[in-house]
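Listed below are the residues making up each chain.
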Amino acid sequence: MSRYLLRRILLIFPLLLGVTIINYAIYALAPGDPVSAMIDPYELSHMTDEDLQAAREALGLNKPIPVRYLIWLSKAIQGNLGYSIWFNTPVFEVMLRALGNSMPVMILALIVSTVAGITLGIVSALKPYSLIDSVLTTFAFAGVAVPGFFFALLLIYAVAIRMDILPTGGVTTPGAPPSLGDRLAHILLPGLALAYETTGSLLRYTRASLLEVLHQDYMTTARAKGLVNHMVVLRHGLRNALLPVITILGLRLPSLFGGAVLIETVFNYPGIGLTMVQATEMRDYPLLMGGVLITAILVLLSNLMADMAYTVADPRIRYEES
Amino acid sequence: MKRLASRTISRRQFLKGGALAAAGGLLAACAPAASPAPADAPAAESEPATASDRMGGTLVFGYPQKTSYQDLLAVEHNAGNRRYYLIGLTHNCLVNISTDYTQWIPELAESWEFDGNRAIFNLRQGVKWHDGEPFTSADVLFTFGRLIGHPNVRQWNGVRHFKGIVVGMTEFSEGEADEVIGLSAPDDHTFVFEMTNPYRAAFLEKLLNFAIMPKHLLGQIPEEQWGIDEQGQQGLKNTEYAKKQGIGTGPFRVTNYIPDQIVEYEPFDDYFGGKPQLDKLVFVPYTDQLAMAAAVEKGECHIAIRTPQSEYERFQTMDHVDIVLNHGPSAFAWYHNIRYVLADVRVRQGLSLALNRDQIAKDFFFGTVEGAKASLEYGDYGISPDAAQWFEYNPQRARQLLEEGGWDFDYTFRLGMSSLSPTYEPLYAILREMWDAVGVKTEFHIMAAEYTNILNNPPHDFDTLFSGYGWGLTPGGFIHNFTDPRWGPADEKGVAMIDELILLDDEAALREGALGLQEYASELQRHCVIAQVPGIHVVNKRVQNGDVVPVYGPRTHWIDWVNVHMSA
Amino acid sequence: MAGLIFLLIVVSCALAAPWVTRYPPTKIQSGQTRAAPSREHILGGDVAGRDIWSRVVYGGRVSLSVGLVAVSISIAIALILGSLSGYYGGAVDMIIMRITDIMMVFPSLILIMTVVAVLGPSIYNVMAVIGFIGWTSSARLVRGQILSVREWDFVMAARCLGVQDQRIMFRHILPHVLGPLLVAATFGVASAILTEAGLSFLGLGVLPPTPSWGNMLNGAQSIFILERMWWIWLPPGLAILLTVLAINFVGDGLRDALDPHMSLD
């Protein structure tokens, strides 16, 4: 088991390298002269060819792309992802601040969706094809089918405006003294909006996984031994059924990041999603690239953690990877 | 000054024009974002609060912005420049202008006089920077003589306001001289500009763009570090001053600044106009229009400027807010590139006459603005009928002019923009429909990442570009519409008219000149102006003594920052 | 079953768009700006005065084709890479699977958004980018299926008989892969439709005036419209919801039908 984990950890490095290559390739794909993207258009119109050449030189743009990639990579390894053109701040700093805002929302979304998804999934699986199962299944499907941003808009309208119980957006109430309660009130709606889709898919996975396990031979045996149905489910079924769910959970992070892009925009919540949207809006390529890289690294780490959790949870695992 | 009654709308149609630099406005691209400018008010003019009002409170001020102001270094502020909203709180200019553009208001200069080509400013005494240091003429000299025109500081375009206007500015900015010889500070409280011509109001107007910066702080940063470093960053912006302090002479000082999220201010005790009454002032940028509208509705945000026109009718039904309609001197326009298909003036005239601007104002802008009536609206002089005729809706004549001008009806006219904003798409759709009705086929030309390249570099391959458009506070501010190289060769006649006009002093002659310029620019149709940019500002009724007239335009004396406060 | 019927209706409406609508979807109807539903315009007019029913129907065309084209691209890539990987194994498998791993590490919406922002938004870019980024899980699926089929007796037998690789692949192995892949493709279409809607919300999707359900939903970005003009946002919103639901139901049905192991009772 530990050898398997060691291999997984070592594998991270080539993966990371691949991630940076793809990341840089997108950057290189960008049409237009990066110099003109960085300099005020008015000023640019007054610059001579020599000025432009000098600016390109200064930014290292005269070198071939692979060389530029290596330069960028060597800096990136040292944690220097360059400067955000728009924020005038190191990309890393901008991203750190944004992540600091996003994390509470994502964690809330993860907790809510895990608890709700698995619980409802179990309820659904225990009484398959009953009324409650149909209701829950519809709920789950709707979660997967409603565009997240649209759900968020409806939440703002219904909860924040009509019912007037939670703030409409932002990280804190502007001007109010900082308090934990205020922060929590602000992450609640975005967290719920973000959780909805994940809840739906987790519910379906749990249900399917549990139903499958319930029909396995050893379950039948357990039942034949005279164990009460619920006990069977809890003792034998759940543990095995939840194994694949762990993997699913570990794989949620990318879609959480994706969801955050839309949800944070709607809630005017300055997390990583909104920052990325602004970066695309302003064509702030260093920020864009830094953001993609950092989210990719986080996903990589979370996958690793899911793997570790999986091996811990299931001692049977003796992976022979391809 | 009286507060606006509830649910009534003040429609200030002064439109004296604004010195919106076309260049700045263009940066903001497709959703033409020029921006209103906060400015502080010397207390001398404001009435004290009534006794029943509770002083103090926290005022939350929201404005729409896709991205943040980048820093607190508020050297210059053009339309489209994010710092625009904030600078008047922390910094002062030498002079300011009243909201209706009729009166110059002393700020850091107590008074001024013109003597031939010389402009002499007597500076206010006893003014302090937020850190307690005294303000003197050395700060003014530093601002105009080092900062603005410094050859290392290539990213700012403010210097163009003074090139050829202040003696020696061109040479200094091009690195040919060590200092600007046309500037001098005879004593601690006097400052003199040597101008190339006897400019008057046109010169004062230029000063509106520049906040005076502290020499004792910025002067400590070596000038060779001001420019762009190897990271592509401007050295001056990469300083404690730009990122944290933002120390100025204005009524408020920065206590907390998180880019893109919030700027918090506290009142400055030693403000020369008196200590502001608010306990705290908070500026919040909203990336999403709906989020801002919702925050206003809930009272989370007390003054919101430039709210979306689509929410206008809803705000009207709310009891807790007042609406201020105030558009300022800017409009939406197509910037025609006259190098290619629009070379013939009749074609451009035809394109203009094909548009039903009143319909657009009603359908797209929810009736919150008026369709443009001239290429230049200047002062109280009104609109010349000769200018207005090019803004009438006349599809028959439009078609006729297009034919006479040799328009190729098989050509697909490319409507340029940096990206297609979903918010403005209906407006484009309406415009396209109207052009289609006279036989002009159109398509979108989304420039995306190549925007600046196409715009600035030959062959300038675009037909027309949608952007914000400045009407010009004075004819001097309008000159860019004739000279900007991006739209084709400069128009010599227009430039000559302006050159003559900006030296005029006589009211009658000025009026005649302004209307003449208006007629000329409208007939020329280098820019197809569509409608005023809506300025729909919403103010919570808890805001007291606000005298709020937010302006979508250049910096003015628009909120009485000293006396504004919140009621319980 | 209801899902299938609904889907058939949506698809036939989209196909028969010119016959089920009275007005061109991009034509502005005078006096119809934000107009409420009427007999002439059964779903009223949008913010520019275009007929909403026409736009929903034509928007369905666009949204469905974005989904179908994007998924065709990703399935094609998945099929090629997955089969190569699964059939040949070894170094080929190793390389392809590492590439897949790398692609899976990127949060897909962020990657799609970035690439679209770099390339510029257009219907073709949106289709292509969603397609070129969304192939990873299908590729793994194909590989997994092939790995299991490869060891089956009849494949072994074919090999012993000296049948060419290509033949084995196409004749014997692929048919077994297609079932699960079809299921995955079904879900892929649904998710591509949602992705397009999200991109449109950010102004990076299908460019108006071409209607897509996603960009029509942008009308909901105003409280005023959300509250008082249901006809502007509800039709595209419902269209997305119901279509994605229907596709998911059909996908579930397909899975149950193809995989007897899963169909309980």
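Just above, that's the structure.
A quick note: this is a predicted structure, and the numbers were derived from the prediction, not measured.

Caption draft 1: Representation of the overall build of chain A within the structure. Helix and strand counts for chain A stand at 14 helices and two strands. Put simply, chain A has 322 residues, and 45% of those count as buried. Restricting to contacts in chain A with at least 6 residues of sequence separation, those with at least 24 account for 73%.

Caption draft 2: Looking closely at the sheet that holds strand S5 (residues 109-115) of chain B. Residues and elements named next belong to chain B. If you walk across this open sheet you meet the four strands as S5-S6-S8-S7, and the pairing is antiparallel. Pairing within the sheet leaves two strands with one partner each, and these edge strands are S5 and strand S7 (183-187). Averaged over all pairs of adjacent strands, the angle between their axes in this sheet comes to 20 degrees, without regard to strand direction. Looking at chain direction, S5 and strand S6 (residues 118-123) are connected through six bridges and run antiparallel. Residue pairing in the sheet places Ser-111 in a bridge with Asn-122 of S6. Of the strands in this sheet, S6, S7 and strand S8 (190-194) are in contact with helix H3 (residues 137-147), which crosses S7 at around 175 degrees.

Caption draft 3: The arrangement of the pairing of strand S14 (residues 330-336) of chain B in detail. Residues and elements named next belong to chain B. Most of S14 sits out of view: seven of its seven residues are buried. In S14, alternate side chains face the same way, and those of Ser-330, Phe-332, Trp-334 and His-336 on one face and Ala-331, Ala-333 and Tyr-335 on the other are all buried. Two strands pair when backbone bridges link them, and S14 and strand S17 (residues 464-470) are joined in this way by seven bridges, in the antiparallel orientation. In the strand pairing of S17, Ala-331 is matched with Tyr-469. Bridge analysis of S14 against strand S18 (residues 527-532) gives five bridges, and the strand direction is antiparallel. Within S18, the residue paired with Phe-332 across the bridge is Ala-531.

Caption draft 4: Quick peek at the nonpolar core. Counting residues in hydrophobic clusters, the biggest one holds 327 residues, and the most contacted among them are A:Ala152, B:Ala331, B:Ile530, C:Ile112, C:Met113 and C:Val116. Contacts of C:Val116, omitting those with residues within four sequence positions, involve C:Pro121, C:Asn125, C:Val126, C:Val129, C:Leu199 and C:Leu204.

Caption draft 5: The sheet that holds S18(B), seen in detail. All names here are of chain B. The strand order across the open sheet formed by five strands is S16-S15-S17-S14-S18, and the pairing between neighbours is mixed. On the outer flanks of this sheet lie strand S16 (441-446) and S18, each paired with one strand and no other. Strand-to-strand twist of the sheet, defined as the mean angle between neighbouring strand axes without regard to direction, takes the value 35 degrees. Taken together, the six bridges between strand S15 (residues 412-417) and S16 define a ladder with parallel strand orientation. Paired with Leu-415 across the two strands is Phe-444, which belongs to S16.

Caption draft 6: Looking closely at the environment of A:Lys225. Tracing the chain through its elements places A:Lys225 in the loop between helix H10 (217-224) and helix H11 (229-250). Residues A:Lys225 and A:Ala185, spaced 40 residues apart in sequence, show a C-alpha to C-alpha distance of 50 Å.

Caption draft 7: Focus on the interface of chain C and chain B. Tallying the contact residues gives 18 residues for chain C and 23 residues for chain B. Looking at which element gives the most residues to the side of chain C that touches chain B, the answer is helix H11 (residues 223-228) of chain C, with three residues. Taken together, the residues of the side of chain C that touches chain B sort by class into ten nonpolar, eight polar and no charged.

Caption draft 8: Up close: the packing of helix H6 (residues 91-126) of chain A against helix H12 (residues 252-266) of chain A. All names here are of chain A. Their axes nearest at 11 Å, the elements H6 and H12 cross at an angle of 125 degrees. Here H12 runs oblique to H6, going by the angle between their axes. Judged by the sense of rotation from one axis to the other, the crossing of H6 with H12 is right-handed. Contact with H6, carried on its side by Ser-102, Met-106, Ala-109 and Leu-110, involves Arg-252, Leu-256 and Ala-260 of H12 and no other residues of that element. Its residues assigned to classes, the contact of H6 with H12 shows five nonpolar, one polar and one charged.

Caption draft 9: Spotlight on H12(A). Residues and elements named next belong to chain A. With 15 residues, H12 should reach 21 Å at 1.5 Å per residue; the first-to-last C-alpha distance of 21 Å fits that figure. Most of H12 is tucked away, with 14 of its 15 residues classed as buried. A positive phi of about 50 degrees marks Asn-268, the residue just after H12.

Caption draft 10: Looking closely at the environment of B:Leu455. By the element assignment, B:Leu455 lies in helix H15 (residues 451-456). With 25 C-beta atoms packed within 10 Å, B:Leu455 lands in the buried category.

Caption draft 11: View of the packing of helix H8 (residues 148-162) of chain A against H12(A). Residue and element names in this part refer to chain A. One can describe the packing of H8 onto H12 by two numbers: an axis separation of 9 Å at closest approach and a directional angle of 30 degrees. The orientation of H8 with respect to H12, classified from their angle, is roughly parallel. The element H8 and its partner H12 pack so that their crossing is right-handed. Residues Gly-148, Phe-149, Ala-152, Leu-153 and Ile-156 of H8 touch H12, and the partners they reach there are Gly-259, Leu-262, Ile-263 and Val-266. Partitioned by chemical class, the residues of the contact of H8 with H12 number seven nonpolar, two polar and no charged.

Rules behind the numbers
Residues numbered from 1 in each chain as written. Chains lettered and ligands numbered in written order. Predicted model: local features only at pLDDT ≥ 70, side-chain atom pairs only at ≥ 80, totals over all residues. Helix = DSSP H or I, 4+ residues; strand = E, 2+ residues; numbered from the N terminus. Buried ≥ 20, exposed ≤ 12 C-beta atoms within 10 Å, placed from the backbone. Contact = placed C-beta atoms within 7 Å. Pairing = 2+ DSSP bridges. Axes fitted to C-alpha atoms, helices over the stretch in contact; angles between N-to-C directions. Core = buried A, V, L, I, M, F, W, Y, C linked by C-beta atoms within 7 Å. Nonpolar A, V, L, I, M, F, W, Y, C, P; charged D, E, K, R; others polar. Parallel < 35°, antiparallel > 145°, perpendicular 65-115°, else oblique. Left-handed = near helix turned anticlockwise from the far one by under 90°. Expected span 1.5 Å × (residues − 1).

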